[in-house]
Amino acid sequence: MHKRKIGLLSGLLVLLAAQSALAADCAPEQVQKGEVLFGSDCSVCHSAKQGGPAMMGPNLHGLYGRKSGSLAGFSYSQAMKSKAVEWKLDSLEQFIAQPQSFVAGTYMPYAGMADADGRHAVGCFLGAQK
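Keep in mind the model is a prediction, meaning the values are calculated, not measured. (Residues numbered from 1 in each chain as written. Predicted model: local features only at pLDDT ≥ 70, side-chain atom pairs only at ≥ 80, totals over all residues. Heavy atoms only, no water.)

Enquirer: Give a description of unusual backbone geometry that names residues and reports values.
Expert: For A84, which is not glycine, the phi dihedral falls at a positive 50 degrees. Note on placement: A84 falls in the loop between α3 (78-83) and α4 (89-97). Using a relative accessible area of 38% as the deciding quantity, one classes A84 as partly exposed. (Helix = DSSP H or I, 4+ residues; strand = E, 2+ residues; numbered from the N terminus. Buried < 20%, exposed > 50% of the residue type's maximum accessible area, 1.4 Å probe, protein only.)

If you want it as structure tokens, here you go:
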């Protein structure tokens, strides 16, 4: 039982460290800006609401820490499944910049977001959806 408590505590500490890193990189204003950009650029194909539907793209609620192509019940491209990247701020920013370059063969028909600050804001918004 002692080992189990230590393992649980270690997992909690890792989660708290990840949340602090996100908080340090994402001011509330960036999360708000990301929500607006998500609404205009992403919500046509994706939901980010807990329990929200899969649409043309998968539901992105709880995306941080998830491996690409791993949400149960969604039909991903083989490229997305094989990439097996862990979604976090930097990987999301790279993907949002040029999805086809980051995951060659993805089904996502989005050309990419040129604005680095916008990509960062969308990544911050998605990181806040836990």
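Enquirer: Mind laying out the environment of S70, listing which residues take part and the relevant values?
Expert: The topology assignment puts S70 in the loop between α2 (28-42) and α3. Linking S70 and S82, residues 12 residues apart in sequence, is a C-alpha distance of 10.0 Å.

Enquirer: A description of the packing of aromatic side chains should follow, citing residues and the corresponding values.
Expert: If you walk through the whole model with that rule in mind, you get 5 aromatic pairs. Seen from their ring centres, F38 and F125 are 5.3 Å apart, and the 45 degrees between their planes marks the pair as tilted. Highlighted residues: F38 in helix α2 and F125 in helix α6 (residues 116-127), separated in sequence by 87 residues. Between the aromatic rings of W87 and F102, the centroid separation amounts to 6.2 Å while the plane-to-plane angle is 40 degrees, which identifies the pairing as tilted. Of the two residues, W87 sits in the loop between α3 and α4 while F102 sits in helix α5 (residues 99-102), which places them 15 residues apart along the sequence. A single burial state applies to W87 and to F102, both of which are buried. Ring pairs connect the aromatic residues W87, F95 and F102, which therefore count as one cluster. (Phe/Tyr/Trp six-rings, centres within 6.5 Å; stacked < 30°, edge-to-face > 60°.)

Enquirer: Could you give an account of the pattern of salt bridges, naming the residues involved and the relevant values?
Expert: All told, the structure shown has 1 salt bridge when counted by the stated rule. A salt bridge links K33 to D117, with the nearest nitrogen and oxygen atoms 2.5 Å apart. With K33 in helix α2 and D117 in helix α6, this pair connects stretches of sequence that are 84 residues apart. Residue classification places K33 among the partly exposed residues on the basis of a relative accessible area of 33%. For D117, a relative accessible area of 40% translates into the label partly exposed. (Salt bridge = Lys/Arg side-chain N within 4 Å of Asp/Glu carboxyl O.)

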